[in-house]
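Fold and contact review
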Amino acid sequence: MKETLLILDQTAASAITDADRFLRSRGLPITYRTPYSVSFAGPDAARPWSVQTLPAPALPAGAGSDPQGAGTGGPLSPGTGQVAAVPVQLRPEWCRVWVSTNGEGAAAEAAAAFVEQNRDRSRRTAAAVRALERGIYADDRWPAYEASLRANLRAQGLDDTAIDTKVQRFKKRWDAVGRKAAQAPPEEPELAG
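1. Let's talk about the overall build of the protein
The helix and strand inventory of the protein stands at 4 helices and 5 strands. Walking the protein from its N terminus toward its C terminus, one meets helices and strands in the order β-α-β-β-β-β-α-α-α. Every one of the 193 residues in the protein was classed for burial, and the buried ones make up 39%. Put simply, 64% of the contacts in the protein that link residues at least 6 apart link residues at least 24 apart.

2. What to know about the sheet that holds strand β3 (residues 37-41)
Pairing in this open sheet of 5 strands is antiparallel, and the strands run β1-β5-β4-β3-β2 from one edge to the other. What marks the edges here is a single partner per strand, and that holds for β1 (2-8) and β2 (30-34). The average angle at which neighbouring strand axes cross in this sheet is 10°, direction not considered. Relative to strand β5 (residues 91-102), strand β4 (residues 80-88) runs antiparallel, the two sharing 9 bridges. The residue bridging Val86 from the neighbouring strand is Arg96, located in β5. Against the sheet, helix α2 (residues 106-136) touches β1, β3, β4 and β5, its axis set at about 50° to β1.

3. Considering the pairing of β4
In this sheet, β4 lies alongside β3 in antiparallel orientation, the contact comprising 5 bridges. Looking at the pairing, Ser37 lines up with Ala84 of β4. The turn linking β4 back onto β5 is made up of 2 residues.

4. A word on the confidence of the model for the protein
Residues at a pLDDT of 70 or more form 79% of the protein, whose mean pLDDT is 81. Model confidence for the protein, summarised as mean pLDDT per element, is weakest for helix α4 (residues 160-182) at 86 and strongest for helix α1 (residues 12-25) at 97. In this model residues 51-73 is a low-confidence stretch, pLDDT under 50, and it forms 48 contacts with partners more than four residues away in sequence or in other chains. This model gives residues 187-193 a pLDDT under 50, and the stretch forms 16 contacts once residues within four places in sequence are excluded.

5. Side note on the pattern of salt bridges
Under the definition given, this model contains 12 salt bridges. Among the ionic pairs, Arg24 bridges to Asp20, the shortest N-O distance being 2.4 Å. Here Arg24 pairs with Asp20, and both are found in helix α1, just 4 residues apart, close to one helical turn. Classification of Arg24 as partly exposed rests on a relative accessible area of 29%. The buried category is assigned to Asp20, whose relative accessible area is 0%. In this structure, Arg150 and Glu146 form a salt bridge, with 3.1 Å as the shortest nitrogen-oxygen distance. With Arg150 and Glu146 both in helix α3 (residues 142-155) and 4 residues apart, this pair spans about one turn of that helix. Overlapping salt bridges bring together Asp20, Arg24 and Arg33 as one network.

Calculation criteria
- Sequence order as written defines the numbering, with residues in each chain counted from 1.
- Selection of residues for local features in this predicted model requires a pLDDT of at least 70, selection of side-chain atom pairs for listing and counting requires 80 or more, and totals for whole chains, interfaces and linings are taken over all residues.
- With hydrogens and water set aside, each side-chain value is computed from the structure's full complement of heavy atoms.
- Secondary structure elements follow DSSP: runs of H or I no shorter than four residues count as helices, runs of E no shorter than two count as strands, and numbering proceeds from the N terminus.
- The classification of residues rests on relative accessible area computed with a 1.4 Å probe and restricted to protein chains. Under 20% of the type maximum is buried, over 50% is exposed, and intermediate values are partly exposed.
- Note on contacts: a residue pair qualifies if any of its non-hydrogen atoms lie within 4.5 Å across the two residues.
- Any two strands with at least two DSSP-identified bridges between them are counted as paired.
- To get an axis, fit a line to the C-alpha atoms, keeping to the stretch in contact for a helix; angles then go from 0 to 180 degrees between the N-to-C directions.
- pLDDT measures how confident the predictor is about each residue, on a scale from 0 to 100.
- The term salt bridge refers to a side-chain nitrogen of Lys or Arg lying within 4 Å of a carboxyl oxygen of Asp or Glu.

Here's what the structure looks like:
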């Protein structure tokens, strides 16, 4: 199984619409579609899935069926793939997009072409997202956040010892998330499968 993460400067729903069009333009059947994911198969794929004849535009939430788990809910069958997107929390008009495939063939080739088409834009957007996320957990922002957290906990009726314990725990998480946000994620993580 191969998975690639892209970060795109468009909404999650529009990224999925673009992926759907891209895959259809290459003659791949769409096996499952929601506003935030599209599953597809190559002609060389095993057929534990049924092809949906769905229109290219975005579908309402929950549209489609996934009787064999070949769509978004189960593991990808050999020769199939999926594109899934979620909004970036700090900038919801942008999204993180995972392009996943299982095996080789037409589905893997189309997924690789989609990734390549979006690679440069993804790198630029990823750098901007890392800067946004890094800024949220910057050391100079901690004092104001700590004061707000202490006031909130005090308003909940906690005593000073309990507040100190919770603040210390949260500071550890704050530091860990800040370190993680500062790191560049791998562009193409390989998954065992």
